[in-house]
Structures are given as C-alpha cells and as structure tokens.
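Residue-level listing of the chains:
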Amino acid sequence: MPDLIIRGGTLVLEDMIIRADLAIEDGRISGIGPALPGSPDEIDATGLTILPGMIDDHVHFNEPGRSDWEGAGTGSSALAAGGGTTFFDMPLNSTPCTLGKVDFENKRDALTQSSITDFALWGGLTPGNLDSLDQLAECGVIGFKAFMSDSGLPEFPRADDLTLSHGMRTAARLGLPVAVHAESEELTKALSHRAVAAGRTGIRDYLASRPVIAEVEAIRRASLYAREAGCKLHIVHISSGTGVATALEERVAGTDISIETCAHYLFFTEDDLLRLGAIAKCAPPLRSTAEQQRLWRHVSSGAVDVIASDHSPAPQSMKTGDNFFAVWGGIAGVQSTLAVLLNSVLPLPRIADLIAGFPARRFAIPQKGQLAVGRDADLVLIQPRASYKLKNSDLFQRHGLSPYVGSTFRGVVQRTILRGQTIFQEGTITAQAGGKLLTPLRA
C-alpha cells in the first residue's frame, strides 16, 4: 500500500500531459495511472496541475559566512514557496568560498542543518585552487564554477585563460562540467574604469560598460578551451539572444555546451532597470527589448536548456548609493522563476524540462527531474487559474527586496512536496529542515 496518493491531478510528464493519480511510497513515485488502489493518506488534486519540483541550478545562499545576506534556511524556504525542491549553491558568496575539501565539508554541514530542500554544491575554479579540484570531486561537487570577469569578491578571483584551460582539462578527466560567468574582463574592466574616471557613474553608464559583445567574446573563448580540453561547458545566465546564438554556433563546432538563462532576463529589460534602479542590477545586465525578444525565441525553439534564478541577494544598505558601479549587483528572484514561465506561452512539458528535466540529466542526478515511477517524489501542485499580486510580505527570503514585487502572476503554488513530504502548503512552510546533499552519478 502506498504512503500517499495524489488523486485526479493534471500530471505534466516528460512528453505528455495526463489526468491521473500518482502514488508515493518510501519517498519515491511508485505508480501513475487512473484509479490507483487506496492509501490511508490521500490528496485531492482535482483542478490542480502537477509538475516535477523545480531544480534551481544557480543560487547564492551565502552560508556559511554571509547568512545576513541570505541563508539556506530562508533561501530554501523561498525556493519551496516558488515550487522548488532542489538547488545547486554556488561557491561564492559564502565565506570561505568553496575552494577546497574543508570548505565543502563546512558548507555541506551548514546546509544540512538549515535547508528544507535538497541541494548540491558547486566547487570553485580559481587560480589558487587548481590542486584542489580532485579533492572537491571526491567530496561530491556538481561541477566547477569560474568567473571570466571580476566576481566582485577578492577571495574568489577570476580565472585567467591559463587557469581556465588547465581547470577544464582536469574537469574533463574527472567527468564534471565547468560553469562559467562569461563576460570579458578586458572589455568590462576598461569600460568601467573609463566611465568612473570621467565621473559617469549612473545606470546608463553601467549598462554601457557591460555590452553584449563582452558576453559573446567570453562565450567563444570559453568554448574554444572546453572543446580543446574535451570538457563539458555550462554557460550560466546568458543575458541576450545574441549570446545564445553564439553558444549554439559553438555547439555546432563541437563544444559540449549547455545554455542557461535566468527568469529576470525574460521578464525585465534595461528600461526596467532605469525604472527600478539597484534592486534590478545584475551582471550581465538586463538587455534591450530586442535582445529579450531574441532570447525568448531561443527559449521557445528549444535552444535554451535551463532557466535558473541566479538568486543573489544583499541587505538594503548594499543596494543604495549614487555610484551605480559600487552598488551590489544581484537579483533576488528564487521565488519567482516558475511564476515567470507559467505566465508565458511555453507548453507545460517544455517548462518542466527547463526547470527540472534538463538539469537532472545534465548534472547526473537521475533520481530527480521527472514525474516517473522510481524517481524521487518531488512535486509542485499549482492552481493554474488562480492569480496573485506579489507583495514584499509574500517573500520567504532573508530580505523583502525583489524586482518582481508588484507584479501579477497567474498560477498559484498550492503545495510543494519533497521526497513525498509536504514542505510548503498554502502560503506556509511546513518543514524545519530535512534537506539532503545530492552528488552526481559519475561514470
């Protein structure tokens, strides 16, 4: 007898949508079909749409060390409220950054204590930790993250070309992907210094200092090194349609490349940055309406592989100031990624693949990512016809700061289930902890 049956929901499977029951036993999906045998515990999902729990492969929950910016407790709660059940935490902005075995173990222990969702950890790739990559792989990192431009944190320096090439060779040997923040340091640094020296420190000046060509150049260079090394490459937060087109050309040339963009690039443009100010600052920055339209076309065509949040919050004190270059750049949006996609014209199976199916496949976590027998019972139940206007008080993150506040969305997350246990229901977090470390299945 199953532990739980969810009856009569509209299930979004890998390649179809069906109305059926879903049975859960020992934290895994044990059956899908009509009129499944009964269970002592049942949920009536009539009228609800059920998708696999979201896997956000790009967040900065900053624990340990900077949990006053965000922590895994508050960050994972916001993720759950937005329909998420798993996150991959970046090696910065926690202190210390995840650059070695001890750093990994400290972060793993901290997140195990505080996270209500499952999680995986990215390891860093910097000039100073190349000798630690093997240790990080043994610990179970999901892959390695490198910055091709200044990260904003001196303790996480950018990877110069030699470091990137060397690191990719090691990652290829280890069978792990390298994720890169693809912006040209030479372009962005020179343009920024020129603007600041001339006293041009406004929003438009910041936008001009990080042009699309800086993204394009870095994607090409990273792809060349990855192709030469035989390394799996993951380009994080591509901000422009032109950037995606560049990555597709490199894929045709033979690079094993996956393409990530973020919900904020699909929802906001540079005009919104001018309107909203620092709360919408990020790097790469928001782009023109024309670039956003190109980006949406790539998402719709299937060219983009995964949509993440790049949730990177900071206290209000770091999001103010007259010099826009000095303001912390990071958007808090982990709770709104699924909302943005539900309010698009994308088919539900495509949404499910963008937020769950592809990241589970790409990063070798086979127990996650689909509504299928044998997979973890990670689900989000949505009221598809209900709508809401997001308020600061609705946010479960550390600080009530998000550019999405004030926006109206259709599709309300009614319940989020992790391995068969409800962790969020009707506006309330119902779990205290219980998240587990996920490690990739390596050949």
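Preceding this paragraph is the structure being described.
What counts and how
Residues numbered from 1 in each chain as written. Predicted model: local features only at pLDDT ≥ 70, side-chain atom pairs only at ≥ 80, totals over all residues. Heavy atoms only, no water. Pairing = 2+ DSSP bridges. Helix = DSSP H or I, 4+ residues; strand = E, 2+ residues; numbered from the N terminus. Buried < 20%, exposed > 50% of the residue type's maximum accessible area, 1.4 Å probe, protein only. Contact = heavy atoms within 4.5 Å. Expected span 1.5 Å × (residues − 1). Arc of directions from axis to C-beta. Salt bridge = Lys/Arg side-chain N within 4 Å of Asp/Glu carboxyl O.

A. Representation of the pairing of strand S2 (residues 17-25) in the model. Of the strand pairs in this sheet, strand S1 (residues 4-12) and S2 are connected by seven bridges, and their pairing is antiparallel. Along S2, the bridge assignment pairs Ile 6 with Leu 22. The antiparallel hairpin formed by S1 and S2 contains four residues in its connecting segment. Relative to strand S3 (residues 28-33), S2 runs antiparallel, the two being bridged by five bridges. The partner of Ile 24 across the bridge, within S3, is Ile 29. Turn length for the S2-S3 hairpin, with the two strands adjacent in sequence and antiparallel, is two residues, and the turn residue Asp 26 shows positive phi of about 55 degrees.

B. Inspection of the environment of Pro 285 at higher detail. Mapped onto the fold, Pro 285 is located in the loop between helix H10 (270-276) and helix H11 (289-301). Judged by its relative accessible area of 1%, Pro 285 is buried. Considering only alpha carbons, one finds Pro 285 and Ser 240, 45 residues apart in sequence, at a separation of 9.5 Å. Apart from residues lying up to four places away in sequence, Pro 285 is in contact with Glu 183, Tyr 206, Leu 207, Arg 210, Ser 239 and Tyr 265.

C. Summary view of H11. Its 13 residues give H11 an end-to-end C-alpha distance of 18 Å, which sits within 8% of 18 Å, the value for a rise of 1.5 Å per residue. For H11, the complete set of buried residues consists of Glu 291, Gln 292, Leu 295, His 298 and Val 299. On an axial view of H11, the arc spanned by its buried residues comes to 120 degrees, and they lie on one face. Along H11, the residues that are exposed and aim more than 90 degrees away from the buried face are Arg 297 and Ser 301. Where H11 is buried, its residues contact helix H7 (212-229), helix H8 (241-252), strand S13 (257-262), helix H9 (263-267), strand S14 (306-308) and helix H13 (348-362).

D. Main features of the pattern of salt bridges. A full pass over the atoms with the stated rule returns 25 salt bridges. In this structure, the salt-bridge partner of Arg 221 is Asp 161, at a minimum N-O distance of 2.7 Å. Residue Arg 221 is found in helix H7, and its partner Asp 161 is found in helix H4 (residues 161-174); the two are separated by 60 residues along the sequence. Given a relative accessible area of 29%, Asp 161 falls into the partly exposed group. Among the salt bridges present, the one from Glu 249 reaches Arg 220, with a minimum N-O distance of 2.4 Å.

E. Spatial organisation of the sheet that holds strand S10 (residues 144-147). Taken in spatial order, the six strands line up as S9-S10-S11-S12-S13-S14 in an open sheet, and their pairing is parallel. At either margin of the open sheet sits one strand with a lone partner, and together these are strand S9 (123-124) and S14. By the bridge criterion, three bridges tie strand S12 (residues 233-235) to S13 in an arrangement that is parallel. Within the sheet, the bridge partner assigned to Ile 235 lies in S13 and is Ile 259.

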